[in-house]
Structure formats: C-alpha cells, structure tokens
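The chain contents come next:
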Amino acid sequence: MRSCTRFPGVATLSSEQATDGLVTRSEGSVFWVETGGREIPCALRGRMKKRQLRVSSLVVVGDQVIVETLADGTGVIEERLPRQTELVRPGFRGLPHVIAANLDQLVIVQSARQPSFKRRLTERFMATARRGAMSALVVVNKCDLEDKRVVESWVEPLAAGGAEVVLTSAVTGLGVDELRSRLVGRVSGMAGQSGVGKSSLITAMFPEYSIRTAATSEGTGKGRHTTTSSRLYPLPGGGYLADTPGIRELGLFEDSDEDVAGVFPEIEAMAAGCGFRDCTHTHEPSCAVKDAVENGEIDEDRYRNYVRMRRRQ
Ligand SMILES: Nc1nc2c(ncn2[C@@H]2O[C@H](COP(=O)(O)OP(=O)(O)OP(=O)(O)O)[C@@H](O)[C@H]2O)c(=O)[nH]1
Ligand SMILES: [Zn+2]
C-alpha cells in the first residue's frame, strides 16, 4: 500500500474501523479505496455530499481519504484529506472539474510524426500542470520516424524554458528506460492526443503488465473510450499511473496569467525591461519582449503562443 507519509497525523487515529486510504478507482458513485493492503468498494458519507455542491469533484482518484470499514467488506468515506495537487479540466458550463488528485507529475506525450509534434498544445498542457501544482514532463515519442536534430530543434525552446524533456521510441526502445525511471515511485498522469503512443510506451516500459489493455478487457468488455471509470494503476517498482477519461481535453482550459508566465519563463524575464509595467507585448512602444523576438533571443513561435494563451483569458 502507498504509505501515508504526506499525512503522518492520520496514523494516530484511535478508532479501529477508521483507517486512511487511497482512492484508486471511481465508477459512478462507487469509490475503490486501497487500505490495509486491499481494495474495498466505498460509498460517500451523506453529509460529505451536502457540504459541497459540485459532487463530481468531491472525491476523485488519487485522493487520500478516511474510511470506515464495514463488516460486509465495504466501506464508507468519512473525510477527504487536503489535496497537494489537482488535475483540472473544464466541466459542465466551463466549471472546473477535478479528474485526479495528488498526482506528482503530468506526463505530456507527443509524437514526432503521425500525429505531428504540436508544441502549442504541449505548452497548454504544461500550463494545466502548473495550474494544478504538478510538475510536467514532456515526452516526444516516435523519434524513430524523424531526424534526431529536427526533434531537438522542436524541443529546444521548451527545454530552454525549463521543461524536462525525454525523447522516446516505443519501437526502438529509445528513452524507454529513462521514462520508466521517472515514473517509478511517483504518481503520474499521462496526457496526449490519440495515436501518439501512450499505450505502446506503457507496454514498452512495463511489458509484464499491460495497464490500459487491462482496462479495456474488464467488465462489460467495452473499450475504455466508452467507460466512465477513472483508475490509478500501481506500477511495478512503486508509484501509480492514472488513467482517466477526459484527460485529452485538458489543454482546453483557460489559463491564468501566472500559469502562462510559468510556462514561458524566458519571456517573463525579458518583460522586466518593458517600458510599461502592464505591457501586453503586442502593440506597446519600448517593449523588451518584442525587441528580443526581433533579434532572435526569444523564439518567435513561442512568443506567438504566449500572446495567444494570454488573450484567451
Ligand atoms: N514508429 C512508431 N510507431 C509507434 C510508436 N509508438 C507507438 N506507435 C504506433 O502508433 C500507433 C498508436 O499507438 P498507441 O500506443 O495505440 O497510441 P495511444 O496514444 O495509446 O492512442 P489512444 O489509445 O488512442 O489514446 C500504433 O499503431 C503504434 O504501433 C513509436 O515509437 N514509433
Ligand atoms: Zn512588452
């Protein structure tokens, strides 16, 4: 079981039936909680629901909870402990919808080709990670299909902006060991368009353990695209990987200025030299950012996406 090191006080609970646990799966109103080395199905205590209107985000996979275990092998979730991070996407009426809690990192998977590398989408995913207080790891898969120097030229501006990048190929095995070492022992979510090779990478990293295939073959036999369950899969060697529906729409959220700024640190640093404190770096005179774009110090494509992401607010 994942130890509750983040919440050391929990271990001192006196009641025998109340224990702390980790929500590893949610299916409608049933939550599977890992506690005491087993997974038990739990319902939410009624009074918890009353306290918050947006019940959908009340308890999600990754949450640390206090459960009362019942004699019949089920349990009741009494409390949710404070979250360290939240993975959020726009939900009903654009309201924030939390799809996973306490992830350490968001792994943003792109491919070099088929589909082509999309840096802007990557930057938007990175802002989503920042928004939820997670770290971001950018993976460019299918590197066997493109010249190494070309791929490096795509990710260079991201790396210069402070992003962690791993180049992989599920076919040749490039970067697979490195990616695995960055997942083991941590709790991660994986985001990326269909077809970039998320499933292939998981299989390459953990061949003995086909995470997403397991999700597809279970229950009704329907594919995971039709299921609404979210799940944390324990990884061989420790840590978890989250598989949650809706993770693809992540990049569509509107980001705050701060989150955008964090994704473009080289632009923010330059902005200190602008003539106006509230310079938008678009039409103002004496703009240090525009000067830096002109003389090549700031990547023009990144600058354009920066302006676009700030405009969307
Ligand atoms: N050449 C090459 N093909 C790859 C690589 N990784 C995956 N593929 C192929 O790309 C296709 C899509 O791979 P998947 O692993 O299903 O992609 P996914 O991201 O899980 O897609 P969804 O399940 O739709 O989200 C498959 O035909 C894979 O064989 C790679 O590194 N190189
Ligand atoms: Zn400016």
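Residues numbered from 1 in each chain as written. Chains lettered and ligands numbered in written order. Predicted model: local features only at pLDDT ≥ 70, side-chain atom pairs only at ≥ 80, totals over all residues. Heavy atoms only, no water.

**Quick look at the confidence of the model for the chain**
(1) Moving on: Across the chain, the average pLDDT comes to 84, with 81% of residues at or above 70.
(2) Moving on: Contacts of residues 1-15 to residues separated by more than four positions or lying in other chains number 25 contacts, the stretch itself having pLDDT below 50.
(3) Moving on: Of the regions scoring below 50 in pLDDT, residues 213-227 engages in 14 contacts with residues more than four places distant in sequence or in other chains. (pLDDT = per-residue confidence, 0-100. Contact = heavy atoms within 4.5 Å.)

**Observations concerning the coordination of the zinc ion (ligand 2)**
(1) Moving on: For the zinc ion (ligand 2), the protein coordination sphere consists of Cys-274 (SG), Cys-279 (SG), His-281 (ND1) and Cys-287 (SG), at 2.1 to 2.4 Å.
(2) Moving on: If you look at the zinc ion (ligand 2), its four donor atoms make angles of 101 to 116 degrees with each other, and the shape they trace is tetrahedral. (Donors = N, O, S within 2.8 Å, 3.2 Å for Na, K, Ca; no water. Tetrahedral: all angles 85-135°; square planar, octahedral: opposite > 155°, others 65-115°.)

**Remarks on the pattern of salt bridges**
(1) Moving on: Applying the stated criterion to the full structure yields 18 salt bridges.
(2) Moving on: With its nearest N and O atoms 2.8 Å apart, the salt bridge here joins Arg-119 to Asp-299. Linking Arg-119 in helix H2 (residues 119-131) with Asp-299 in the loop between helix H9 (288-294) and helix H10 (300-311), this pair joins segments that are 180 residues apart in sequence.
(3) Moving on: For Arg-119, a relative accessible area of 11% gives the class buried.
(4) Moving on: With its nearest N and O atoms 2.6 Å apart, the salt bridge here joins Arg-302 to Glu-266. Here the residue Arg-302 occupies a position in helix H10, and Glu-266 occupies one in helix H8 (residues 265-271), the gap between them amounting to 36 residues.
(5) Moving on: According to the relative accessible area criterion, Glu-266 is partly exposed, its value standing at 22%.
(6) Moving on: Put simply, Arg-119, Arg-120, Glu-123, Glu-266, Asp-299, Asp-301 and Arg-302 are held in one network by salt bridges that share partners. (Salt bridge = Lys/Arg side-chain N within 4 Å of Asp/Glu carboxyl O. Helix = DSSP H or I, 4+ residues; strand = E, 2+ residues; numbered from the N terminus. Buried < 20%, exposed > 50% of the residue type's maximum accessible area, 1.4 Å probe, protein only.)

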